[in-house]
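Examination of the molecular architecture
So you can see what is in the structure, the chains are spelled out below.
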Amino acid sequence: MITNNIERIHSESVQTCNLCMMEMENVYENLSLSSEETDLLDMPKRSFTVHFPVHMDSGKTKMFVGYRVQYNDARGPTKGGIRYHPELTLDTLNNFAFLMAIKCALVDIPFGGAKGGIVVNTKELSRGELERVTRAYIREISDYIGPFKDIPAPDAYTDKHIMVWILDEFEKIKGKHVPSIVTGKPVELGGSKVRKIATSLGGICILEEALKSTDLDKSTTSIAIQGFGNVGKNAAQILYREGYSICAVSDSSGGIFNRGGLDILKVIEHKKQTGTVTDFPDSKNISNEELLTTDCNILIPAALSRQINQENVRNIKAKIILELANAPTTMDANRLLVDQGVMVIPDILANAGGVVVSYFEWIQNLNQDYWDEEKVREKLDKTMINAFNSVNTICAEEKCTMRRAALQFAIKSIIHAERLRGNL
Ligand code: NAD
């Protein structure tokens, strides 16, 4: 079960990269990029491997392998997560780091893209071993990271506790406080209160912008959400509080449906008590497959990749899909959705709220000036709306999908920064 979950998260991210990479070739062509430009984009600026020994609880020493890829820093210091995974490779990290550069350029925050991690299954380590592995990795890469070089963050199988060890080890090496070295920290050590809900907040902000061009009215708009974890549950709660009707939600055990709308606060309570959303009173149990094809206005996949695929795409009834999960739509299905006139709000735009709030955490740490929640939310909205407008303008001018427009905008911005620097 644990191994399955590890595989799920990793393969889901790999899928996201593949989808964007496939579309990227079209974007390069569309932008008529020269070979100099594509060569520059196709290679990471710096990628390296470190090998380091760690004392294990058994008394023996074990060697570990760590990586860091700093893909492109034309727009600012590189930024990206640290992932612990037994099948991590430098190749996969290259793709993730490139995607981070794209996301940061798309939401116009002054960062490039990075990604790194350690080849390890965290479930096989004690807490003490996990801490020693983390600190040893940071000692190896400390010369190459920093608030104005490369800023790590949590990713699959790393969390705020691991970010604290990174912070502490880095500060010990440098002999001074450097809170801006890492984001995703606990609030008490300079982290952001809003980070936990940032991805959902950012996605909903984009959705509301998109709805302005439709005749959908909040009170009669029905929404189905797949996944009731950090992103799906928070999205459901925020939308419910804003007055939308959530007709279906699901988790790994299955889904529930009520045409008149579910009381999401009660569903959250029910899941707390029973561990699942299923068997909620005043609702009908449905399968995840049924949730995806539910009669609703908006479908929000917020669980796994490849959920909307060739098998079910023709039965999708929603006219708007907000991709909060990474790569929930396969390439083939995406094409059919476009043909069917469905508005697909792509993952790289829809779920970028997290990295935006990480950028705000970095600014606050640098200035030692901490904002209240209202200010963070206000600035998040502004950033997301700007990104939406940039994408929307390209869509209108070029009559292309939002995914193509988003990638195009980001690539153009990176190339422009490289030109300004004289690198092209
Ligand atoms: P999570 O692990 O907290 O939640 C995942 C949810 O999906 C759980 O409710 C789980 O029960 C449900 N699920 C699993 N299998 C399912 C199935 N077959 N059908 C329906 N539901 C199923 O994860 P999360 O942090 O909420 O992330 C969800 C998605 O959003 C992932 O694709 C993730 O990569 C993406 N994402 C998350 C963030 C973030 O800030 N957490 C940022 C960007 C993208």
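If you're wondering where the values come from, they're calculated on a predicted model, not measured in any experiment.

As for the pattern of salt bridges
- This model, assessed by the stated rule, comprises 21 salt bridges.
- In this structure, Arg75 and Asp108 form a salt bridge, with 2.7 Å as the shortest nitrogen-oxygen distance. Note that Arg75 is positioned in the loop between strand S2 (61-72) and strand S3 (78-84) and Asp108 in the loop between helix H3 (90-106) and strand S4 (112-118), a separation of 33 residues in sequence.
- Residue Asp108 is classed as exposed on the basis of its relative accessible area, which comes to 54%.
- Between Asp251 and Lys271 there is a salt bridge, and its shortest N-O distance comes to 2.9 Å. Here Asp251 is found in strand S7 (residues 245-251), whereas its partner Lys271 is found in helix H8 (residues 264-274), with 20 residues between them in sequence.
- With a relative accessible area of 8%, Asp251 lands in the buried category.
- What emerges from the salt-bridge pattern is a single network uniting Glu131, Arg135, Arg139, Asp168, Glu169 and Lys172.

Thoughts on H8
- Among the residues making up H8, those that are buried are Ile264, Val267, Ile268 and His270. Projected onto a plane normal to the axis of H8, the buried residues spread over an arc of 160° and lie on a single side. Opposite the buried face of H8, at more than 90 degrees from it, the exposed residues are Lys266, Lys272 and Gln273.
- Structurally, the start of H8 carries an N-cap: the backbone nitrogen of Leu265 is 3.2 Å from a side-chain oxygen of Asp263.
- Backbone geometry just downstream of H8 places Gly275 in the positive-phi region, at approximately 90°.

Observations regarding unusual backbone geometry
- In this model, Ala327 sits at a positive phi of 50°, which is unusual for a non-glycine residue.
- Structurally, Ala327 can be placed in the loop between strand S11 (320-322) and helix H10 (331-339).
- Backbone geometry at Gln368 places phi at a positive 50°, although glycine is not the residue there.
- Mapped onto the elements of the fold, Gln368 is located in the loop between helix H12 (353-367) and helix H13 (373-398).
- Residue classification places Gln368 among the exposed residues on the basis of a relative accessible area of 54%.

Quick look at the sheet that holds strand S9 (residues 284-286)
- Strand order across the open sheet formed by seven strands is S9-S8-S7-S6-S10-S11-S12, with mixed pairing between neighbours. Where the open sheet ends on each side, the last strands, each with one partner, are S9 and strand S12 (343-345). The average angle at which neighbouring strand axes cross in this sheet is 20°, direction not considered.
- When S11 meets S12, the two strands line up parallel, connected through three bridges. If you follow Ile320 over to S12, its bridge partner there is Met343.

Side note on the domain arrangement of the protein
- For the protein, the domain assignment lists domain 1 (45-182) and domain 2 (197-350).
- Relative placement of domain 1 and domain 2: their C-alpha centres are 32 Å apart.

Here we look at the packing of helix H2 (residues 35-42) against helix H14 (residues 402-420)
- At their nearest, the axes of H2 and H14 sit 11 Å apart, and the two run at 105° to each other. Our classification of the angle between H2 and H14 gives roughly perpendicular. Taken together, the residues of H14 that come into contact with H2 (itself represented by Glu37, Leu40 and Leu41) are Ile411, Ile414, Ile415, Glu418 and Arg419.

Quick notes on the sheet that holds strand S1 (residues 46-55)
- The five strands are arranged S1-S2-S4-S3-S5 in an open sheet whose pairing can be described as mixed. The open sheet has two free edges, formed respectively by S1 and strand S5 (150-154), since each of these has just one partner strand. Each strand axis lies, on average, 20° off the axis of its neighbour in the sheet, ignoring direction.
- Pairing of S2 with S4, which is carried by six bridges, proceeds in the antiparallel orientation. Residue pairing in the sheet places Gly66 in a bridge with Ile118 of S4.

Description of the environment of Ala333
- Its place among the elements puts Ala333 in helix H10.
- For the pair Ala333 and Ser390, spaced 57 residues apart in sequence, the C-alpha separation works out to 25 Å.
- Setting aside its immediate chain neighbours within four residues, Ala333 contacts Ile308, Asn309, Gln310 and Val313.

Regarding the packing of aromatic side chains
- Scanning the model with the defined rule gives 10 aromatic pairs in all.
- With centroids separated by 5.0 Å and ring planes inclined at 45°, the aromatic side chains of Phe48 and Tyr144 adopt a geometry described as tilted. Note that Phe48 is positioned in strand S1 and Tyr144 in the loop between helix H4 (127-141) and S5, a separation of 96 residues in sequence.
- Residue classification places Phe48 among the buried positions, given a relative accessible area of 13%.
- By relative accessible area, Tyr144 is classed as partly exposed at 39%.
- A ring pair is formed by Tyr71 and Phe98, whose centres lie 5.0 Å apart and whose planes are at 45°; its orientation type is tilted. Here Tyr71, found in strand S2, pairs with Phe98, found in helix H3; they are 27 residues apart in sequence, far enough to count as distant.
- Note that Lys379 overlies the ring of Trp371, its terminal NZ or CZ placed 5.3 Å from the centroid.

What counts, and where the lines are drawn
Residues numbered from 1 in each chain as written. Predicted model: local features only at pLDDT ≥ 70, side-chain atom pairs only at ≥ 80, totals over all residues. Heavy atoms only, no water. Salt bridge = Lys/Arg side-chain N within 4 Å of Asp/Glu carboxyl O. Helix = DSSP H or I, 4+ residues; strand = E, 2+ residues; numbered from the N terminus. Buried < 20%, exposed > 50% of the residue type's maximum accessible area, 1.4 Å probe, protein only. Arc of directions from axis to C-beta. Polar contact = N/O pair within 3.5 Å; in protein donor to acceptor, adjacent residues only side chain to side chain. Pairing = 2+ DSSP bridges. Axes fitted to C-alpha atoms, helices over the stretch in contact; angles between N-to-C directions. Domains from an automatic or database assignment. Parallel < 35°, antiparallel > 145°, perpendicular 65-115°, else oblique. Contact = heavy atoms within 4.5 Å. Phe/Tyr/Trp six-rings, centres within 6.5 Å; stacked < 30°, edge-to-face > 60°. Lys NZ or Arg CZ within 6 Å of the ring centre and 35° of its normal.

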